[in-house]
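Breakdown of the fold
Chain by chain, the residues:
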Protein chains: 2
Amino acid sequence: MYDARIMPKPAPKKHLSAKEGESAGGRVTVSIHDVASAARVSIATVSRVINNPHLVSARTAARVQEVIRKTGYAPNPFAQGLITRSSRVLGIALPDIHGEFYSELLRGADAEARSLGYHLLVSSEPRREDRGPANGSLAFGLIDGIAVMITDAASNLLKEAKGSLLPTVVLDTDLHAKGVDSLVVDNAGGTREGVNHLLASVPASSLYFVGGPEENFDAQQRASAFRAAVAASGWKPRADQVSFGDYTSEWGERWAEEHLKATGKGVFGVLAGNDEIAIGVMQAASQAGVRIPDQLRLVGFDDTRLATLIRPRLSTVRVPMAEVGAASIRLLVRRIEDREAEITCVHLPTSLVVRESSVPRA
Amino acid sequence: MYDARIMPKPAPKKHLSAKEGESAGGRVTVSIHDVASAARVSIATVSRVINNPHLVSARTAARVQEVIRKTGYAPNPFAQGLITRSSRVLGIALPDIHGEFYSELLRGADAEARSLGYHLLVSSEPRREDRGPANGSLAFGLIDGIAVMITDAASNLLKEAKGSLLPTVVLDTDLHAKGVDSLVVDNAGGTREGVNHLLASVPASSLYFVGGPEENFDAQQRASAFRAAVAASGWKPRADQVSFGDYTSEWGERWAEEHLKATGKGVFGVLAGNDEIAIGVMQAASQAGVRIPDQLRLVGFDDTRLATLIRPRLSTVRVPMAEVGAASIRLLVRRIEDREAEITCVHLPTSLVVRESSVPRA
DNA sequence: CATTATGCTGAAAGCGTTTACAATCCGCAA
DNA sequence: TTGCGGATTGTAAACGCTTTCAGCATAATG
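Think of each chain on its own: its residues are numbered from 1, step by step along the sequence as written. Chain letters and ligand numbers both follow the written order, the letters beginning at A and the numbers at 1. In view of the model being predicted, local features appear only for residues whose pLDDT reaches at least 70, and side-chain atom pairs are presented and counted only at 80 or more, with totals across whole chains, interfaces and linings using the full set of residues. To get the side-chain values, all heavy atoms of the structure are used, and hydrogens and water are removed first.

Focus: the sheet that holds strand β5 (residues 181–185) of chain A
Any two strands with at least two DSSP bridges between them are considered paired. The way it works is that DSSP assigns letters per residue, a run of H or I at least four long becomes a helix, a run of E at least two long becomes a strand, and they are numbered from the N terminus. One open sheet holds the 12 strands; their spatial order is β11(A)-β5(A)-β4(A)-β3(A)-β1(A)-β2(A)-β2(B)-β1(B)-β3(B)-β4(B)-β5(B)-β11(B), and the pairing between them is mixed. Looking along the sheet, the strands with just one partner apiece sit at the ends: β11 (345–348) of chain A together with β11 (345–348) of chain B. Ignoring which end each strand starts from, the neighbouring axes of this sheet average 20° apart. Residue contacts are defined here by distance: any two heavy atoms, one from each residue, within 4.5 Å place the two residues in contact. Axes here mean lines fitted to C-alpha atoms, for a helix over just the part in contact, with angles spanning 0 to 180 degrees between N-to-C directions. Packed onto the sheet, helix α5 (residues 99–115) of chain A meets β1 (89–94), β2 (119–124), β3 (145–149) and β4 (168–171) of chain A together with β2 (119–124) of chain B and runs at close to 170° relative to β1 of chain A.

Here it is, written out as structure tokens:
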């Protein structure tokens with residue numbers, strides 16, 4: 001039989017730390033042992049006070065709490081992680097996306113993570129050229145799960161993430177059929193709304209989609225939704241009504257310079273792949289003396305701050321960027337805390353915001 | 001004398017892991033023990049292959065490397081952190097700053113951290129209202145150091161960070177006198193440049209500074225540099241030449257609406273606290289029929305993307321946001337890797353970018 | 001040949017937690 | 001008295017790594 005009183009204490013050993021005077025400087029961290037001895041309990045009890053208070057008598061708990069407060073003790077996350085295999089840190093990997101989108105998304109994700117008691121480790125995907133080989137950009141092993149944003153098929157973030165065997169969610173691509181929780185924005189719905197809005201004052205044959213990079217999933221979705229919506233009105237879209245480029249105002253400008261010539265006197269409409277393209281179009285138009293919204297009706301995409309700063313104010317399809325971040329974190333945490341949860345694809349709605357750039361003046 | 005051969009091996013114990021067949025599913029992580037036994041060496045040797053390859057014979061190292069490659073072994077960062085007391089994770093705490101600034105800064109910081117072999121844990125400062133009490137927003141204990149951005153005196157991020165005893169750098173405030181590595185942007189120099197540029201075509205008495213929030217350090221610095229630069233030209237600035245508001249276009253608009261009335265027919269100049277304010281001013285001006293740059297010469301601050309998207313294009317003082325992020329990480333890593341390094345304040349230059357909004361047409 | 005240096009390797013001691021298990025103390029029923 | 005169960009606490013075993021120390025060849029030196 002085991003009897004603690006018989007066995008000689010195995011010598012005070014180590015942890016000569018702060019407990020005895022030791023006033024001499026330099027002690028930096030206080031460990032659970034320090035708290036335990038100061039409170040005259042075992043380290044197990046201290047741990048319980050923190051993690052399972054109901055297992056400890058009120059008197060003891062109070063004493064321990066007091067010591068914790070006084071010493072400023074905080075558990076060492078490495079030791080905790082080693083044993084619990086979790087760190088309450090979430091990874092989020094983003095491609096090199098456009099400015100405002102990036103920060104809004106991150107803001108949403110960070111706020112949500114914080115409110116769920118997690119921290120956020122970010123990692124922008126390095127540009128293609130400077131990708132080291134087995135760079136191991138993500139801190140697998142340290143994080144409890146990871147949210148990756150996949151904007152085009154060339155990204156290998158997803159492979160990396162899945163290889164890590166960590167709970168994973170993908171943003172901007174529906175992979176729930178492949179067993180990955182996903183979060184997508186309703187690009188199709190927003191596009192349809194935008195098209196229908198334009199169709200109210202512009203003939204389908206004079207409607208154009210000026211998109212982002214062709215390899216980009218968003219751009220693809222918006223383009224085919226555009227074709228579908230135009231077709232739904234009874235007009236089979238010509239090939240020249242849809243173009244791809246990139247997400248810059250320069251591309252919008254370039255497109256407009258070419259097409260403004262070709263276009264006759266009639267009214268026509270443009271749905272841009274994002275707000276910046278729209279602004280490029282707007283500028284080329286004003287350069288060419290084409291009035292907005294009189295001759296050209298324009299709708300952007302994303303509803304960035306730009307849209308309200310420009311004149312005429314830009315009608316645009318609002319994408320809830322912060323909500324994308326927040327929802328992806330929620331989805332990820334759900335998966336972490338219940339590995340058996342059903343694989344889900346969350347759809348986030350978009351909505352048309354009508355401003356001056358697209359409605360004929362009264 | 002110690003002789004390993006005399007002591008009986010203390011029983012194979014634990015780590016029944018992957019080594020023996022065990023084909024049955026479920027093994028997730030491979031530990032250093034697995035690698036060691038597969039390579040028929042001790043765990044110490046495996047560790048050395050990874051951390052001090054020169055201590056291991058080439059033959060052994062090759063064998064171990066091969067096993068590592070095959071098994072995909074990666075050291076457990078918790079165990080490493082527990083013993084080395086470092087995680088190669090850096091914290092960066094940002095207030096709720098404006099969109100584009102935020103993302104550029106983070107992008108710079110992330111790229112630099114990655115290239116130095118660190119990861120980045122972000123944390124936006126929660127808005128004032130929802131600050132829990134001992135929230136402990138930052139993952140102290142997990143990170144090796146922290147960069148905090150302090151935009152006004154009310155922030156308590158710094159106190160928290162210093163209380164953590166972690167290596168710390170502050171952005172946007174010079175605290176090197178208080179023993180904290182700092183990183184500041186040359187607001188004064190940029191402001192001076194902007195003022196002098198305007199002074200070339202506008203009398204000092206007709207120059208205005210439309211600043212951000214009065215409690216904001218940047219805004220303060222820019223305002224007093226404005227006063228100083230104007231004074232240096234020989235004109236003592238009137239009180240109404242400097243105003244504070246916030247960093248929005250609405251404030252710029254409001255300011256302009258009031259002041260455009262008061263101003264007579266003469267030419268006047270505005271240096272805005274940031275680009276967005278400048279755009280507000282620009283819009284109010286165009287509303288009021290005041291032509292830019294003919295009657296109003298305008299210079300912004302920050303050189304965000306906005307500045308080139310608006311017409312006329314906005315002259316502005318460029319602040320190297322990405323470089324601020326990168327430099328702060330460099331400074332932080334230097335401190336982490338050499339705690340004795342001299343306390344430093346890094347100054348980042350600003351530079352005036354002249355576009356159409358501020359130069360009289362030929 | 002005896003000694004010493006050198007290169008390589010292994011054993012074991014932690015690092016600071018959590019948690020299974022054992023032990024004690026107590027009240028209460030048998 | 002005895003035994004049982006619940007409440008509370010303590011002991012010790014992990015968790016996976018780094019690093020000191022010691023052991024042992026083998027090479028270099030006297």
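A short note on the packing of aromatic side chains
Here a Phe, Tyr or Trp ring, Trp counted by its six-membered ring, pairs with any other such ring whose centre lies within 6.5 Å, and the pair is stacked when the planes are under 30 degrees apart, edge-to-face when over 60, and tilted otherwise. Counted under the stated rule, the structure contains 6 aromatic pairs over all chains. Both rings, one in Y208 of chain A and one in F268 of chain A, keep their centres 6.2 Å apart while their planes meet at 85°; by these two values the pair is edge-to-face. Note that Y208 of chain A is positioned in strand β6 (residues 207–210) and F268 of chain A in strand β8 (residues 268–272), a separation of 60 residues in sequence. Buried residues are those whose accessible area, probed at 1.4 Å on protein chains only, stays under 20% of the maximum for their type, while exposed residues exceed 50% and partly exposed ones sit between those limits. Classification of Y208 of chain A as buried rests on a relative accessible area of 9%. Among the aromatic side chains, those forming a connected cluster through ring pairs are Y208, W255 and F268 of chain A. Consider the ring centre and the ring normal. A charge sits over the ring if Lys NZ or Arg CZ is within 6 Å of that centre and within 35 degrees of that normal. Residue placement shows R107 of chain A over the ring face of Y102 of chain B; its charged tip is 5.3 Å from the ring centre.

What to know about the relation of the copies chain B and chain A
Least-squares fitting of one copy onto the other uses the C-alpha atoms of those residues that reach a pLDDT of at least 70 in both copies. Placing chain B over chain A gives an RMSD of 0.1 Å and needs a rotation angle of 180°, together with 0.1 Å of translation along the axis. In symmetry terms, the pair is related by a two-fold rotation axis. Residue by residue, 98% of the interface of chain B is reproduced at the interface of chain A, so both copies engage with the same surface.

Concerning the sheet that holds strand β12 (residues 351–353) of chain B
Residues and elements named next belong to chain B. One open sheet accounts for 6 strands, arranged β7-β6-β8-β9-β10-β12; its pairing is mixed. The sheet is open, and its two borders are formed by β7 (242–243) and β12, each paired with just one other strand. Bridge count for strand β6 (residues 207–210) against β7 is 2 bridges, and the pairing is parallel. Across the sheet, the residue bridging to V210 is S243, located in β7. Contacting β6, β8 (268–272), β9 (296–302), β10 (315–318) and β12, helix α7 (residues 187–199) crosses the sheet at an angle of about 165° to β9.

A closer look at the packing of helix α2 (residues 43–51) of chain A against helix α3 (residues 58–71) of chain A
Residue and element names in this part refer to chain A. α3 packs onto α2 with a crossing angle of 90° between their chain directions and a minimal axis gap of 10 Å. As far as their axial angle goes, α3 and α2 are roughly perpendicular. Of the residues in α3, those touching α2 at T45, V46, V49 and I50 are T60, A61, V64, Q65 and I68. In this classification, the charged set is Asp, Glu, Lys and Arg, the nonpolar set is Ala, Val, Leu, Ile, Met, Phe, Trp, Tyr, Cys and Pro, and all remaining amino acids, among them Gly, are polar. In terms of residue class, the contact of α2 with α3 is built from 6 nonpolar, 3 polar and no charged. Our angle categories are set so that under 35 degrees counts as roughly parallel, over 145 as roughly antiparallel, 65 to 115 as roughly perpendicular, and the remainder as oblique.

Structural notes on the interface of chain B and chain A
Counting from both sides, the interface comprises 47 residues of chain B and, opposite them, 47 residues of chain A. Here's the idea: put two parts together, see how much 1.4 Å probe accessible area each one loses, and the total over both is what we call buried area. When chain B packs against chain A, close to 4100 Å² is buried across both sides, 59% of that on carbon and sulfur atoms. Throughout this description, the term salt bridge denotes a Lys or Arg side-chain nitrogen within 4 Å of a carboxyl oxygen of Asp or Glu. Linking chain B with chain A are 2 salt bridges, by the criterion used here. Between R305 of chain B and E276 of chain A there is a salt bridge; the shortest N-O distance is 3.3 Å. In the analysis that follows, any N or O atom pair within 3.5 Å is treated as a polar contact, provided that within protein one partner can donate a hydrogen and the other can accept it, and provided that, for residues neighboring in sequence, both atoms belong to side chains. Our count for the contact surface shared by chain B and chain A stands at 14 residue pairs in polar contact (both at pLDDT 80 or more). Element by element, the count of residues in the side of chain B that touches chain A is highest for helix α5 (residues 99–115) of chain B, at 7 residues. A class-by-class count of the residues in the side of chain B that touches chain A yields 21 nonpolar, 16 polar and 10 charged. One ladder, built from 3 bridges, connects β2 of chain A with β2 of chain B; its direction is antiparallel. Considered in β2 of chain B, the bridge of L120 of chain A is made with V122 of chain B.

Brief notes about the pairing of β2 of chain B
All names here are of chain B. Counting buried positions along β2 yields 6 of 6 residues, so the element is predominantly enclosed. Burial along β2 is two-sided: H119, L121 and S123 facing one way and L120, V122 and S124 facing the other are all buried. As paired elements, strand β1 (residues 89–94) and β2 share 6 bridges and run parallel to each other. Paired with L90 across the two strands is L120, which belongs to β2. Whether a crossover is right-handed depends on one test, that the path from the first strand over the helix to the second runs clockwise when the strands point away from the viewer. Handedness of the crossover is the feature at issue here: the chain leaves β1, passes through α5, returns alongside β2, and the resulting connection is right-handed.

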